[in-house]
Each structure stands twice: as C-alpha cells, then as structure tokens.
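A look at the structure
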Amino acid sequence: MSSNKTISGFSKLSKTGKIKWVVENFFKDPEHVMHELKSWWHHDKEQQRLLDGFSENTISNFPMPFGIAPNFLINGKTYAVPMVIEESSVVAAASSAAKYWLDRGGFHAKVLGMKKLGQVHFSWRGKAEKLESVFDELKEELRKDAAPITANMEKRGGGVLDIELVNLTHLEPNLYQLKVSFDTRDSMGANFINSVLEEFAKTLDRFISFHPIFDENEERDVNIIMSILSNYTPECLVRAWVECPVADLGTFSGGYTAQSLAEKFAKAVRIARLDPHRATTHNKGIFNGIDAVVLATANDFRAIEACAHTYAARDGQYRSLSQCTVENGIFRFWLDIPLALGTVGGLTKLHPIAKHSLELLGHPSAEELMEIIACVGLAQNFAAVRSLVTTGIQQGHMKMHLANILNHLGANEQESEKVMQHFEGKVVSFTGVREYLDAVREGAGVKV
Ligand code: MEV
C-alpha cells in the first residue's frame, strides 16, 4: 500500500526541503509551521552547523530552559549548578534544598568506585576447561592487540583493568562472555570501551581458530555475537549525604517540630524502600535533579537512567535509591547511585552551552561531577519528600502551574500580578484562571 506520507531519500534533501516535506504532509498550516521551525534556527550559521552535526535529519532546534540552582555547598565548596529541565518547580526545589542545607553543613559526597564494564558475547562448542587453561595467554594477546587503542588512555592513568571469562552455558547452550572492566578517567568512555571490545572480539576469534590446544573442526569454530559496553556499572558509584542533629532541622509548615518532621520524613523514605510504586515516583524525583544536570553537561541521560534503575532493583525488588535514618538525635539522609559520567569527550566540550555548564562548575573531573550530580539528586529528593510530608506537593506546583497558564493566555505583568494575588491559597484550574483574567481585562477596559 502506498501513502504520500512515506518518502525515500529524505536524508538527502536540504534542510528546507526536509521541512517543506514535513509541513506539507503533516500540518494544517504549513506556512506557519515552516516559519516557526525556521525561527528556532541559530542566527550564527556555524553554531547551527555544529548543532545539526550532532544528529541526523535535523530540521530545527528544540528549546529547553537552562536554569541555575545556586548555593550548593558540596564537600566545603560552593557551586551554582546548571540545570536543563522543562518541568516547573524542579529548579526552585533544588535551590531551596541547597539553601536549606547551606546553613546545616552542606552536602557531602564521595566516589566509591569508577569501574566501567563491557562484554564480548560469543558462542563456542569447545570444552570450557581448555579455554580456561589458556585464558592467561589469551588475555596477553588481547591486551597486546588492543595496545594501539589503549595507549592514550593508559597515559591518562586509565585503561583495561581486568578481563574475565564468564561461562554462561548453564543459561544458554555454548554461551560465553568476556567481561572486561575499564577505567576511563574523565571520559564517559563509551567509544573507547566499544573500540577495545571490538578489537578483543577479533583477537578472540583468531586465538580460538588457530590455537593448537583446540581440536580441529568444532572447537576452532567461534561465533562472536556482539561486543558492547554494559550500561550497568554498579561499581561506578557515588554516595551523597546530608546530616545534622535533629534539633537543627528547625520547624516546618503544618506545625511540625524537628523531631516529628524527621520521623515522618524517614518513614516516607522507608515506604519508598518497601513499595515499588512509591519507589518509582520517589526515584523519579531524584532524576528530576540528576537528569537536569546530566543534560546541562551534555552527558548521556539514557545511560544514567538505565543504570540507576537496574541498580535500584539489584536485590530483586525495585527500591528507593535514597535512605534515611534518625538515630541518636542525628538526621541522616543519603543516596548511593552509579553515575557513569564524562567531563571530556563526547559532546561535553562541543555543545555550545554544555561547555559553559562545565566552566560554571569549575571544570570538574568526572569524579567531582559525579559528586555534584548525586548531591543535586539528593537535594531534589529532600525537597520533594519534605513537601510531601508537610504541605503536600501541589502548593508549590500550583504557583508554577499558574505562571504557565498565565503565559499561555498571554497575560502581561500587571494582569499576572492581579491573578496571582487572587489565586493565593486557592485551587488553580485553567478555566478558573481564564475566567478571572477575562474579568481583570474587562475591568481594565481591555477587549477579550
Ligand atoms: C514530581 O516531578 C516528582 C515527585 O513526584 C517526586 C516524589 O513524589 O517524591 C514530587
């Protein structure tokens, strides 16, 4: 069946040609959409060329707010943290938690490991003991053949840490894996790891095909299935925490004393350890902060999310990534999270804004960035749970929601102020705001 909504050779069209095809086939008002899409092109052609080059079939740019959460005191150093996020309240909540902990010793963080992982999966019909008996020899060959790829990383203090043979034949007939661990220093290391693994796969194939220990025929026949990094890096781990005497927590909206707040807060975190439904939302709150900084520094948020969710389910049940205790008069709230990040390579220095994000953070190493981002995740989680167990989340959200509705309705500053005053402490709905704004405009003699 043919349709005018399919095309071959789309990627070969010029940018304008691509937009033309899209708007003419999918939009009611092609002229308007064409104009709108083009209006988001960067005025500097070189910058636009750079952005276009990050991906394929680019027709425009997709703007997102770039915000700052100031006053983050982390390991005794203050940071103004860049955040790219479209959800209202997130930057405000991070800033509020940062300010709160600024007066209580700030955030603390420690990298617990930097190990990255990769795998070469292969099928082989030989005797496992034979391969195991020559594995040291194979490892030497693997390292030697990959030396041209690893030399630079080794100069920077990283490289291949270890190579293991994993026998998976109890799960799937003839299945084996080379499990390789890496230190990629300040780079996220995906390209490095994948290049090394692909080289390892070639060496493995040759080694098995020609080594005299293996019998002719079946044992010399190896089938490389795939060579790829693993995004699950439980030993590329960072811990972030805050702590203070319970009495120093202060008092909270809703008449909560420090002690009652601390206990209720800890219970809410425990619920997220026990119940996967709550854990998912709880961790989503953590990722509100984490993803925003990961994006602002042009790191790979899909990799970060995939890894941490697996980590959250590592004992067989999906649980909260953060934990809280109230013991001996001390409130302690912490987050352990694997974060495979880079501050060199990839888009980190290429992206025109990401490079400024890194400068804003003082050109951190990958380890320092892990610490910063874990603290922002913890701050975000603190702010969300604090709201949930005191005023409820809607109070803060509604303010931002109202601002968005007013924007949508094209309210000017004076109109917005009047509407905001009116809705102070009231339930906000789109219709309610539109009706009140209409009344304000009518009152002011403005035609609506
Ligand atoms: C909303 O984006 C995030 C929260 O739902 C997180 C949470 O419930 O902990 C507020």
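**Concerning the domain arrangement of the chain**
Often, the extent of an interface is quoted as the loss of accessible area upon association of its parts. Per the domain assignment, the segments of the chain are domain 1 (1–63), domain 2 (67–111 + 237–383), domain 3 (116–230) and domain 4 (396–442). A C-alpha centroid distance of 37 Å is found between domain 1 and domain 2. Counting from both sides, the interface comprises four residues of domain 1 and, opposite them, four residues of domain 2. Interface of domain 1 and domain 2: buried area, both sides summed, is about 330 Å²; carbon and sulfur atoms make up 85% of it. Taken together, the links from domain 1 to domain 2 amount to zero salt bridges. The interface formed by domain 1 and domain 2 includes zero residue pairs in polar contact (both at pLDDT 80 or more). Its residues placed into classes, the side of domain 1 that touches domain 2 shows three nonpolar, one polar and no charged.

**What to know about the site of the ligand**
Taken together, Glu 87, Arg 278, Thr 281, His 282, Lys 284, Gly 285, Asn 288, Ala 384, Leu 388 and Ile 393 form the complete shell of residues around the ligand. Side-chain polar atom of Glu 87 to an oxygen atom of the ligand: 2.5 Å apart, as the coordinates give it. Lys 284 has a polar side-chain atom sitting 2.7 Å from an oxygen atom of the ligand. In isolation the ligand offers 300 Å² of accessible surface; the protein chains occlude 86% of this area.

**Some thoughts on the sheet that holds strand β6 (residues 175–183)**
A sheet is described by the order of its strands in space; here four strands give the open sequence β5-β6-β4-β7, paired in antiparallel fashion. Each edge of the open sheet is held by one strand with a lone partner, namely β5 (159–167) and β7 (222–230). Here the strands of the sheet are splayed against their neighbours by 15° on average, with no regard to which way each runs. Here eight bridges tie β5 to β6, and the two strands are oriented antiparallel to one another. Residue pairing across strands places Asp 162 opposite Ser 181, the latter belonging to β6. Sitting on the sheet, helix α6 (residues 135–155) is in contact with β5 and β6, with an inclination near 150° to β5.

Thresholds applied
- Residues numbered from 1 in each chain as written.
- Predicted model: local features only at pLDDT ≥ 70, side-chain atom pairs only at ≥ 80, totals over all residues.
- Heavy atoms only, no water.
- Domains from an automatic or database assignment.
- Contact = heavy atoms within 4.5 Å.
- Buried area = accessible area lost by both parts, 1.4 Å probe.
- Salt bridge = Lys/Arg side-chain N within 4 Å of Asp/Glu carboxyl O.
- Polar contact = N/O pair within 3.5 Å; in protein donor to acceptor, adjacent residues only side chain to side chain.
- Nonpolar A, V, L, I, M, F, W, Y, C, P; charged D, E, K, R; others polar.
- Near = heavy atom within 4 Å.
- Areas by Shrake-Rupley, 256 points an atom, 1.4 Å probe, with all protein chains shown as cover.
- Pairing = 2+ DSSP bridges.
- Helix = DSSP H or I, 4+ residues; strand = E, 2+ residues; numbered from the N terminus.
- Axes fitted to C-alpha atoms, helices over the stretch in contact; angles between N-to-C directions.

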